[in-house]
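If you want the building blocks of each chain, they are given just below.
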Amino acid sequence: MAAPMEVVVCADSAGQLWNCAVFDLHSGTNLFSYRGGNSSARSLTVLNGEFILGAQLGKNFINVWEIQRKDQLQQKIVCPGIVTCLTASPDGLYLLAGIAEAIYVWEVSSGSLLAILNRHYQDLTCLRFTDDSSHFISGGKDNLVLVWSLTSVVQLDSSHPPEPRHVWARHSLPVTDIHCGLMGAQARVATASLDQTVKLWEISSGEMLLSILFDVGIMSVTLDPCEYFLFCGGSDGNIFQVSLCSTVRNLVTCLSVSMDGTLLLSGSHDETARLWDIQSKQSIRTINHKGPVTNASIILAPANMFLPDSRPAVPLPRFSRHLNPSEQGEGTESGGVSLRLGPSSQALEETYLEKAEKLYSLMCAVTDKSVFGDGENTKVRVSELEEEVQTLKKINKDLYDFSTQLLTKPS
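Residue numbers run consecutively from 1 along every chain, following the written order of its sequence. This being a predicted model, a pLDDT of at least 70 is required before a residue's local features are given, and a value of 80 or more before pairs of side-chain atoms are given or counted; all residues contribute to the totals for chains, interfaces and linings. The basis for the side-chain values is all heavy atoms of the structure; hydrogens and waters are excluded.

Trainee: Tell me about the pattern of salt bridges, and please be specific about residues and values.
Mentor: Any Lys or Arg side-chain nitrogen located within 4 Å of an Asp or Glu carboxyl oxygen qualifies as a salt bridge. Inspection of every chain in the model, using the stated rule, returns 7 salt bridges. Note that Arg42 is salt-bridged to Asp177, the shortest N-O span being 3.3 Å. Of this pair, Arg42 sits in strand β4 (residues 39–47) while Asp177 sits in strand β16 (residues 175–180), placing them 135 residues apart in sequence. Close ionic contact of Glu227 with Arg188 constitutes a salt bridge, the shortest N to O distance being 2.9 Å. Of the two residues, Glu227 sits in the loop between β20 (218–223) and β21 (229–234) while Arg188 sits in strand β17 (residues 188–193), which places them 39 residues apart along the sequence. Helix and strand assignments follow DSSP, with helices taken as H or I runs no shorter than four residues and strands as E runs no shorter than two, numbered in order from the N terminus.

So this is what it looks like as structure tokens:
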């Protein structure tokens with residue numbers, strides 16, 4: 001028996017060549033094309049391997065083609081409103097359509113409308129079934145993702161309207177896409193949103209497993225079959241790949257820039273130190289380690305570093321563990337000198353402002369006759385002090401202006 005053949009099914013909004021087409025995955029050959037109208041986003045689905053369904057863009061009907069009769073538009077399913085998203089259950093028994101803020105559930109065999117679910121507050125954007133058809137997930141512009149049990153939805157007891165199994169309300173902007181993994185009710189679900197995040201959920205517990213923040217809004221999301229990687233389509237045209245199995249997130253532990261500003265050094269938990277060209281953002285050198293890098297920096301090489309015969313100018317002494325080594329029983333090494341600055345030595349030199357303040361106080365004091373007495377000596381002394389104060393103020397202003405220029409100078 002031949003292995004199953006994978007094909008590409010796609011559609012565009014123009015509909016000039018076809019509504020949707022089937023291409024060979026490896027050669028790109030156009031195998032089939034289905035004409036008539038054009039399909040809206042998230043609204044193209046295959047029903048039970050026998051029909052292709054596509055919601056007409058901006059209209060209130062669904063185009064239906066028999067999958068083997070590609071040239072003729074077979075049927076139109078008229079809906080109560082414009083269909084914004086569409087999906088069929090993998091077992092081919094049920095069809096779901098998002099119309100405004102409601103989910104319409106049809107039974108395929110009879111065409112009966114089984115339920116209309118009104119738990120979203122704004123238009124639906126996407127619908128997805130689990131691979132065993134037991135659950136489906138809906139997302140909308142109201143930022144909500146709802147998980148529904150199909151059994152509870154199709155129940156015949158109309159007195160108890162169905163409620164979603166889980167309500168995921170962790171997105172802050174409209175949900176743009178949903179991907180449901182394998183394993184049925186045990187599957188993991190990835191949801192994308194304009195809030196620049198992709199979140200990974202578990203259906204069985206309803207818990208959020210992971211939230212990943214990007215720099216742009218995410219428009220589409222999918223997982224590989226083994227769920228090792230998450231692929232996210234950004235609104236800027238980039239596709240992001242995220243590993244879900246990496247136990248170490250390769251934290252960047254240290255950064256340093258060269259003096260000319262052209263090179264960046266980084267150290268990481270991936271056991272490497274890397275040198276980057278800042279302008280091109282390319283790694284130009286890698287230094288491998290045997291463990292997570294804890295320290296990495298760029299420094300000016302000391303002169304003694306490259307003089308093998310040089311010795312330290314001052315030998316490094318033994319450092320004490322106590323403030324008073326003699327009191328704690330720690331003896332000082334012979335020849336050592338213990339130096340402790342006295343209060344007068346520790347005092348800092350007066351600043352210009354402090355000197356100006358002191359001179360101003362003296363100047364005020366000369367008005368008291370008891371200090372200098374009357375006569376010409378007092379006037380001369382006051383004049384000298386005023387000149388000194390003005391000189392100090394000018395020096396202080398020049399220092400302030402110079403410091404301001406340095407701090408505000410554009411880099």
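Trainee: Talk me through unusual backbone geometry; I want residue IDs and the actual numbers.
Mentor: Most peptide bonds take the trans form, and the phi angle of most residues other than glycine is negative. Unusually for a residue other than glycine, Ala100 sits at a positive phi of about 55°. Structurally, the position occupied by Ala100 is in the loop between β9 (94–99) and β10 (102–107). You can call Ala100 partly exposed: its relative accessible area is 33%. Notably, Asn143 is not glycine yet its phi reads approximately 75°, a positive angle. For the exposure calls, accessible area comes from a 1.4 Å probe over protein chains only, and a residue counts as buried if that area is under 20% of its type's maximum, exposed if over 50%, partly exposed in between.

Trainee: For the packing of aromatic side chains, give the residues involved together with the corresponding values.
Mentor: Geometry of an aromatic ring pair is reported as the spacing of the ring centres plus the angle between the planes. Only Phe, Tyr and Trp rings are paired, with Trp represented by its six-membered ring, and only when their centres lie within 6.5 Å; those with planes under 30 degrees apart are stacked, over 60 edge-to-face, the remainder tilted. Here the structure, examined in full by the defined rule, presents 8 aromatic pairs. Pairing Trp18 with Phe23 gives two aromatic rings, centres 6.0 Å apart and planes at 65°, and the pair type is edge-to-face. Exposure remark for Trp18: the relative accessible area of 17% places this residue in the buried category. Since its relative accessible area comes to 17%, Phe23 is described here as buried. Consider the rings of Tyr104 and Trp106, whose centres lie 6.0 Å apart with planes at 25°: the pair is stacked. Comparing Tyr104 with Trp106 shows no difference in burial state: the two are buried.

Trainee: With reference to specific residues and values, describe the pairing of strand β8 (residues 83–88).
Mentor: Sheet faces and side chains relate simply in a regular strand, where the side chains alternate between the two faces. Of all 6 residues in β8, 5 are buried; the element is thus mostly enclosed. Joining the antiparallel neighbours β8 and β9 is a turn of 5 residues, in which Gly92 adopts a positive phi near 75°. Pairing between strands requires that DSSP locate at least two bridges from one strand to the other.

Trainee: So what's going on with the sheet that holds strand β2 (residues 20–24)? Which residues, and what values?
Mentor: With antiparallel pairing, the 3 strands of this open sheet are ordered in space as β1-β2-β3. The outermost strands of the open sheet, each flanked by one partner alone, are β1 (7–11) and β3 (30–34). On average, each strand axis in the sheet is inclined to that of its neighbour by 15°, with strand direction left out of account. Where β2 meets β3, 4 bridges bridge the pair, whose relative direction is antiparallel. Directly across from Cys20, in β3, lies its bridge partner Tyr34. Lines fitted to the C-alpha atoms define the axes, with helices restricted to the stretch that makes contact. Angles between their N-to-C directions range from 0 to 180 degrees.

Trainee: An account of the sheet that holds strand β24 (residues 263–268) is needed here, citing residue identities and associated values.
Mentor: Strands sit in the order β23-β24-β25-β26 across an open sheet of 4 strands; the sheet is antiparallel. What marks the edges here is a single partner per strand, and that holds for β23 (252–257) and β26 (282–288). Adjacent strand axes in the sheet meet at a mean angle of 20° when their direction is disregarded. Here β23 pairs with β24 via 5 bridges, running antiparallel. Its bridge partner lying in β24, Ser256 is registered against Leu265.

Trainee: If you had to explain the nonpolar core to someone new, which residues and values would you point to?
Mentor: Where a protein is soluble and globular, its nonpolar side chains tend to be buried together. Here, the term nonpolar core denotes a set of buried Ala, Val, Leu, Ile, Met, Phe, Trp, Tyr and Cys residues that are joined through side-chain atoms within 4.5 Å. In this structure, Ile103, Val105, Leu117, Phe136, Trp148 and Val153 are the most contacted members of the largest nonpolar core, which totals 16 residues. Contributing elements (two or more residues each) for this core: β9, β10, β11 (113–117), β12 (124–129), β14 (145–149) and α1 (150–153). In terms of residues, this core owes the most to one element, β12, which gives 3 residues. Once residues within four sequence positions are removed from consideration, Val153 is found in contact with Val105, Ala115, Leu117, Phe136, Trp148 and Pro162. The next biggest cluster of nonpolar side chains, apart from the first, holds 15 residues, and it includes Leu47, Cys79, Leu86 and Ala102. Here, residues are in contact when the closest pair of their heavy atoms is within 4.5 Å.

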